[in-house]
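Single-letter residue listing:
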Amino acid sequence: MQLHKDVPVTQSPDLQSQPVTLLRGVGPRAAQRLANLGIETVQDLLFHLPSRYQDRTRVVPMGSLRPGDEAVVEGSVDLAEIKFGRKRMLLVRISDGTGAITLRFFHFNANQQAGFARGVRLRCYGEVRPGTVTLEMVHPEYKRIDEHAIEAVEEHLTPIYPTTEGLHQLSLRPLTEQALERLAQSGDAGLRDWLPPAILKKFKLPSLAAAIRYVHRPPPEASVDELEAGRHPAQQRLVFEELLAHHLSLRQLRYAAKAQLAPVLQGDGKLRARFLDALSFTLTAAQQRVVAEIAADLQREHPMLRLVQGDVGSGKTVVAALAALQAVEAGAQVAIMAPTELLAEQHYRNFHAWMTPLGLEVSWLSGKIKGKARTATLAAIADGTAAVMVGTHALFQEDVQFARLGLVIVDEQHRFGVHQRLALRDKGKQGETRPHQLTMTATPIPRTLAMTLYADLDASIIDELPPGRSPVQTVVIPDNRRPEIVERVRQACAQGRQAYWVCTLIEESEALQCQAAEDTAVQLAEALPDLRVGLVHGRMKSRDKEAVMASFKAGELNLLVATTVIEVGVDVPNASLMIIENAERLGLAQLHQLRGRVGRGAAQSSCVLMYRNPLSEQARARLGVLRDTTDGFEIARRDLELRGPGEVLGTRQTGLLSLRIADLLRDQDLLPSVEQAAETLLESYPESTAPLIRRWLGDASRYGEV
Ligand code: ADP
Ligand code: MG
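Residues numbered from 1 in each chain as written. Chains lettered and ligands numbered in written order. Predicted model: local features only at pLDDT ≥ 70, side-chain atom pairs only at ≥ 80, totals over all residues. Heavy atoms only, no water.

1. Quick notes on the overall build of the protein chain
So, point 1. A tally of regular secondary structure across the protein chain gives 24 helices and 21 strands.
So, point 2. Summarising its shape, the C-alpha atoms of the protein chain cover approximately 100 × 65 × 45 Å along the three principal directions.
So, point 3. Scored against the burial criterion, the 706 residues of the protein chain give a buried share of 53%.
So, point 4. Put simply, 75% of the contacts in the protein chain that link residues at least 6 apart link residues at least 24 apart.
So, point 5. For the protein chain, the accessible surface area stands at approximately 31,600 Å², while carbon and sulfur atoms represent 51% of it.
So, point 6. Here the protein chain holds 82 positive side-chain charges and 84 negative ones, and the gap between their average locations is 2 Å. (Helix = DSSP H or I, 4+ residues; strand = E, 2+ residues; numbered from the N terminus. Buried < 20%, exposed > 50% of the residue type's maximum accessible area, 1.4 Å probe, protein only. Contact = heavy atoms within 4.5 Å. Areas by Shrake-Rupley, 256 points an atom, 1.4 Å probe, with all protein chains shown as cover. Lys, Arg positive; Asp, Glu negative; His and termini not counted. Charge placed at Lys NZ, Arg CZ, Asp CG, Glu CD.)

In structure tokens, the structure reads:
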């Protein structure tokens, strides 16, 4: 680490200031390879933890071996012979009085072969496999030992470290050995335990040095299974500390952000009252609660940082509109941003329809708006004529200057990571003040995870759907029953209902996906001559897309064939049937989103998940979850179970928490304690928070300096 380049070597006992080059056997080449693993200091080496273990601490009687074991055995050679099967191989049978095993070698030389004379004693280590006559080891490690000598076994479980090109396991081990020696000599001065005894005691955690030592060199009685599952208290102690460091860093981020100034957006309520009057429905209790939470935030002189979670169809848009109107009443501009063009357009249409009658100017900005139109829009934003701006991230490009941006609303939060959240806040900076920020997501995240991932945000939950909705009925059907499904579409449309047909080829190429949708549209139009079939996909011009959506919404089209571009935001209450092709290839969250496009009106809605055989176990499980529940939180929970947080939340999210040893799913149960420990630390040991964050996040914690 450059930070330490100038520190005189050998001076400080602090292992984080000792470069690995101080260790025996580390020259420039090895140092470079270690650096590839992120190891630059002795401390880094201590935090480079084994991913697996081998038990070479005892010699296992052959009679007790079972296939799958990795074990040390010792015995004498009974027989060595060359077999000619499909390949030439050397078979060596050894026995120890309790049983026998066969060593199988595909590569060997005459010397080796000669070494296996009858009666020679061997000690071998390898994985045990079933064999024809006896159990076998294929290419085990072995050495010849003297018959009467007492050969030592390993004193600890053998750690297997994650390694890299050119750096052998066998050279990593002596390095960690030296690092552990240094740790033993320097004690707390070498590796400070930033968790105070009170916290260790309360959460029953071992000390840092003890945990590190144990994980690198577990005693013979340690359970390999427990260690490899990451469940040993020593590992959990390290996981705890890592999660704590991340949690603290997000909290720090939040405190820093909260200490900033924001415009006080009180508003007189007039626009909001007129808006609510014009709405054809009343807000649900959950919507009212969340609206009130936001209203209170906006009146403070520090920026709101609030995440609204609400299942698909729970009515987040209206909540956003009320927040926007409050800001406008108070004289501020509002920017509303969505991750896709289509969703942004949908919002634009809604906000335009709601707000133009109130005498407000709503403008639209996407990357596709060019030339004069763009210049005019930018001018309206810059001189403040535009009160509300809707768009994609084009809204936050260099050339966009806001007159008095007071509130930023971001839809579908999970697609934006913490860095983007920060960039947005900074973009709207005016003098000393920053805009308030409201983010909305339809991907519900279990509370414990939300606490960690969004510890920099306050959370509101719309946990109620508008009345009069009946849950979507979902069926799972193989695609060889396509004709039946087509017939079902015909019947539904004959009764005046509308339907979506979603083509979900997972081809990387958008072009192929759009082509598939085009083909499907043609086929369906032929099969259903009485129906008006429309098509919408990502490669169409905005204007055409919009025209198709508009005529579907107006009921002029019966069936809309689409790619997953309709995943988010599209809102046509009369559509009550959805067919999803190749549903097995999509994730649960995405299917849930798609399905959320139906079930928005009073009619009983249904969703047909079509799949192609053969179906994998996991895909079957996923589709089963969708069939059994429409509760977004339950679906999110199952999704996490099936796929793990990395995939569920996307690389951006997990990138934000680039965890070294913790696993959000496995270690979820630690999160409440981590939160408690964070409180204690901040209250009573504030000096330890910065070093903890630095230890685990390194320079990544820089983004905390907002
Ligand atoms: P989402 O939370 O998925 O973004 P929307 O804001 O798009 O949901 O709302 C879904 C549909 O429900 C829209 O047609 C919206 O007008 C309607 N809606 C929202 N709130 C209510 C309510 N309180 N009562 C009835 N319908 C509502
Ligand atoms: Mg929405």
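2. Brief notes about the sheet that holds strand E20 (residues 575–580)
So, point 1. Strands sit in the order E16-E21-E20-E17-E19-E18 across an open sheet of six strands; the sheet is parallel. A strand with exactly one partner marks an edge of an open sheet, and here the two such strands are strand E16 (473–478) and strand E18 (533–536). Across the sheet, the mean angle from the axis of one strand to that of its neighbour is 20 degrees, orientation sign disregarded.
So, point 2. Relative to E20, strand E17 (residues 498–502) is paired through five bridges, and the arrangement is parallel. Each residue of the ladder has a partner; that of Ala499, found in E20, is Leu577.
So, point 3. Lying on the sheet, helix H19 (residues 588–595) is in contact with E16, E17, E20 and strand E21 (606–611); it crosses E20 at an angle near 150 degrees. (Pairing = 2+ DSSP bridges. Axes fitted to C-alpha atoms, helices over the stretch in contact; angles between N-to-C directions.)

3. Brief notes about the site of ligand 1
So, point 1. Lining the immediate surroundings of ligand 1 are 16 residues, of which Gly313, Lys316, Thr317, Arg469 and Asp571 lie closest.
So, point 2. Between ligand 1 and Gln287 there is a distance of 2.9 Å, counted from a nitrogen atom to a side-chain nitrogen or oxygen.
So, point 3. Here an oxygen atom of ligand 1 sits 2.8 Å away from a polar atom, N or O, in the side chain of Lys316.
So, point 4. Burial of ligand 1 by the protein amounts to 84% of the accessible area it has alone, namely 560 Å².
So, point 5. Its residues assigned to classes, the shell around ligand 1 comprises four nonpolar, seven polar and five charged. (Near = heavy atom within 4 Å. Polar contact = N/O pair within 3.5 Å; in protein donor to acceptor, adjacent residues only side chain to side chain. Nonpolar A, V, L, I, M, F, W, Y, C, P; charged D, E, K, R; others polar.)

4. As for helix H23 (residues 671–684)
So, point 1. With 14 residues, H23 ought to run about 20 Å at 1.5 Å a step, and its terminal C-alpha atoms sit 20 Å apart, in line with that.
So, point 2. For H23, every residue scored as buried is listed here: Leu671, Ser673, Val674, Ala677, Ala678 and Leu681. Along the long axis of H23, the arc covered by the buried residues comes to 145 degrees, so they all point the same way. (Expected span 1.5 Å × (residues − 1). Arc of directions from axis to C-beta.)

5. Quick word on the packing of aromatic side chains
So, point 1. One pass over the full model with this rule turns up ten aromatic pairs.
So, point 2. An angle of 50 degrees between the planes, with centres 5.3 Å apart, marks the rings of Phe116 and Tyr142 as tilted. Remark: Tyr142 occurs in strand E7 (residues 141–144) and Phe116 occurs in the loop between helix H3 (110–115) and strand E5 (121–129); sequence separation between them is 26 residues.
So, point 3. Among the aromatic side chains, those forming a connected cluster through ring pairs are Phe105, Phe116 and Tyr142.
So, point 4. Over the aromatic face of Tyr125 sits the side chain of Arg56, whose NZ or CZ is 3.9 Å from the ring centroid.
So, point 5. The ring centre of Phe106 lies 5.1 Å from the NZ or CZ of Lys87, which sits over that ring. (Phe/Tyr/Trp six-rings, centres within 6.5 Å; stacked < 30°, edge-to-face > 60°. Lys NZ or Arg CZ within 6 Å of the ring centre and 35° of its normal.)

6. A short note on the confidence of the model for the protein chain
So, point 1. Confidence in the prediction for the protein chain averages 87 pLDDT; 90% of positions are at 70 or higher.
So, point 2. Within the model, pLDDT remains below 50 along residues 1–7, and this stretch shows five contacts once partners closer than five positions in the same chain are excluded.
So, point 3. Scored below 50 in pLDDT, residues 701–706 makes 14 contacts in the model with residues more than four places away or belonging to other chains. (pLDDT = per-residue confidence, 0-100.)

7. What about the packing of helix H12 (residues 341–355) against helix H18 (residues 542–553)?
So, point 1. Across the interface, H12 lies against H18 with an axial gap of 11 Å and an inter-helix angle of 55 degrees. Judged by the angle between their axes, H12 and H18 are oblique. By crossing handedness, the relation of H12 to H18 is classed as right-handed. Residues Glu341, Leu342, Glu345, Gln346 and Arg349 of H12 form the contact with H18, whose own contacting residues are Ser542, Lys545, Glu546, Met549 and Lys553.
So, point 2. Partitioning the contact of H12 with H18 into residue classes produces two nonpolar, two polar and six charged. (Parallel < 35°, antiparallel > 145°, perpendicular 65-115°, else oblique. Left-handed = near helix turned anticlockwise from the far one by under 90°.)

8. Topic: the sheet that holds strand E11 (residues 362–365)
Hydrogen bonds between backbone atoms are what pair the strands of a sheet, whose relative direction is either parallel or antiparallel.
So, point 1. Ordered in space as E11-E12-E10-E13-E14-E9-E15, the seven strands form an open sheet in which the pairing is parallel. Because the sheet does not close on itself, it has two edges, and the strands there are E11 and strand E15 (458–462). Direction aside, the axes of adjacent strands within the sheet are offset by 20 degrees on average.
So, point 2. Most of the contacts of helix H13 (residues 371–383) go to E11, to which it runs at about 130 degrees, and overall it touches strand E10 (333–337), E11 and strand E12 (388–391).

9. As for the environment of Pro478
So, point 1. Summarising the element assignment, Pro478 is placed in strand E16.
So, point 2. For the pair formed by Pro478 and Glu679, sequence separation is 201 residues and the distance between their alpha carbons is 52 Å.
So, point 3. Beyond its immediate sequence surroundings of up to four residues, Pro478 is in contact with Tyr611 and Asn613.

10. Here we look at the pattern of salt bridges
So, point 1. Per the stated rule, a full pass over the model turns up 27 salt bridges.
So, point 2. In this structure, the salt-bridge partner of Asp669 is Arg231, at a minimum N-O distance of 3.9 Å. Of this pair, Asp669 sits in the loop between helix H22 (645–656) and H23 while Arg231 is found in the loop between helix H7 (224–228) and helix H8 (233–259), placing the two residues 438 residues apart along the sequence.
So, point 3. Between Asp399 and Arg374 there is a salt bridge whose closest N-O contact spans 3.3 Å. Linking Asp399 in the loop between E12 and strand E13 (405–411) with Arg374 in helix H13, this pair joins segments that are 25 residues apart in sequence.
So, point 4. On the basis of relative accessibility, which here comes to 40%, the residue Asp399 falls in the partly exposed class.
So, point 5. Sharing partners across several salt bridges, the network here consists of Asp193, Arg237, Glu241 and Arg695. (Salt bridge = Lys/Arg side-chain N within 4 Å of Asp/Glu carboxyl O.)

11. Quick notes on the packing of H19 against helix H20 (residues 617–628)
So, point 1. Where H19 contacts H20, the two axes come as close as 10 Å, and the packing angle between them is 35 degrees. Viewed along their axes, H19 and H20 form a crossing whose handedness is right-handed. Taking contact as the criterion, the partners of Leu588, Leu591, His592 and Arg595 in H19 are, on H20, Arg622, Leu623, Val625 and Leu626.
So, point 2. Here the residues of the contact of H19 with H20 sort into five nonpolar, one polar and two charged.

12. Topic: the pairing of E12
So, point 1. Residues Val388 and Val390 line one face of E12 and the alternating positions Met389 and Gly391 line the opposite face, and both faces are buried.
So, point 2. Where E10 and E12 come together, four bridges link them in parallel fashion. Note on E12: the bridge partner recorded for Met337 is Gly391.
So, point 3. Pairing of E11 with E12 involves four bridges; the strand directions are parallel.

13. Looking at unusual backbone geometry
Negative phi is the rule for most residues except glycine; trans is the rule for most peptide bonds.
So, point 1. Of the consecutive residues Asn613 and Pro614, the connecting peptide bond is found in the cis state with omega at -5 degrees.
So, point 2. Residue placement: Pro614 occurs in the loop between E21 and H20.
So, point 3. Although it is not a glycine, His139 adopts a positive phi angle of roughly 45 degrees.
So, point 4. One non-glycine residue, Lys204, adopts positive backbone phi at about 55 degrees.
So, point 5. Within the secondary structure, Lys204 is located in the loop between helix H5 (197–202) and helix H6 (208–216).
So, point 6. Its relative accessible area of 72% is what places Lys204 among the exposed residues.

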